[in-house]
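# Geometric and topological summary
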Amino acid sequence: MPVSPAFSPRYKNPNSRGTDVKKQTIPKCDWQSVIELGGRYAEGSEMVHQLTVGALWVHPSCVLETGIIQDLNGPNTTSFLLGIRKHF
């Protein structure tokens, strides 16, 4: 069965400088785990130490982060963190 010239691997569009099919690359995205020991000042009290366990999804144009924050020496609270950062 004959193959149409439009589907031939050697076919080039006369109006373009290259072949009709362009290769698109998908940027690599990475997942990273995070364990962080930090602290914050709570109004009216001393410094509260916190432990954060979470994950980051790193993309060339943005970062998505999520985690669970546990107070260690202050009010026994657990918080959830969800954030996004845009790279310009």
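Summarised in this report is the structure supplied together with it. This structure is a prediction, so every number in the text was calculated from the model and none was measured.

### Looking at the side chain of Gln-50
Checked against the element boundaries, Gln-50 lands in strand S2 (residues 47-59). For Gln-50, the side chain forms a polar contact with the side chain of Asp-71, separated by 3.2 Å.

### Observations concerning the pattern of salt bridges
Tallied over the full model, the rule gives 2 salt bridges. Between Arg-40 and Asp-71 there is a salt bridge, with the nearest N and O atoms lying 3.3 Å from each other. Here Arg-40 is found in strand S1 (residues 30-41), whereas its partner Asp-71 is found in strand S3 (residues 62-71), with 31 residues between them in sequence. Residue class for Asp-71 comes out buried when judged on its relative accessible area of 5%. Its salt-bridge partner being Arg-85, residue Glu-65 comes within 3.3 Å of it at the nearest N-O pair. Linking Glu-65 in strand S3 with Arg-85 in strand S4 (residues 78-86), this pair joins segments that are 20 residues apart in sequence. Given the relative accessible area of 21%, Glu-65 is considered partly exposed.

### Looking at the layout of surface pockets
Of the voids in this model, the largest pocket is the one considered here, and its volume is about 170 Å³. Lining the largest pocket are 14 residues, with Val-34, Glu-36, Thr-52, Glu-65 and Leu-81 positioned closest to its centre. Those elements giving two or more residues to the lining of the largest pocket turn out to be S1, S2 and S3. It is S2 that provides the largest number of residues to the lining of the largest pocket, a total of 5 residues. Here the lining of the largest pocket is composed, by residue class, of 5 nonpolar, 7 polar and 2 charged.

### Section: the pairing of S2
Alignment of S1 against S2, held across 12 bridges, turns out to be antiparallel. The partner of Arg-40 across the bridge, within S2, is Val-48. With antiparallel pairing between neighbouring strands as the criterion, S1 and S2 make up a hairpin whose turn holds 5 residues, including Gly-44 at a positive phi of roughly 85°. Counting the residues in the hairpin turn of S2 and S3 gives 2 residues.

About the criteria used
Residues numbered from 1 in each chain as written. Predicted model: local features only at pLDDT ≥ 70, side-chain atom pairs only at ≥ 80, totals over all residues. Heavy atoms only, no water. Helix = DSSP H or I, 4+ residues; strand = E, 2+ residues; numbered from the N terminus. Polar contact = N/O pair within 3.5 Å; in protein donor to acceptor, adjacent residues only side chain to side chain. Salt bridge = Lys/Arg side-chain N within 4 Å of Asp/Glu carboxyl O. Buried < 20%, exposed > 50% of the residue type's maximum accessible area, 1.4 Å probe, protein only. 1 Å grid on protein atoms, 1.4 Å probe; cavity = no way out; pocket = protein on both sides within 12 Å on 5 of 7 lines; lining within 4 Å. Points joined across faces, edges and corners; volume = space filled by probe spheres on them. Nonpolar A, V, L, I, M, F, W, Y, C, P; charged D, E, K, R; others polar. Pairing = 2+ DSSP bridges.

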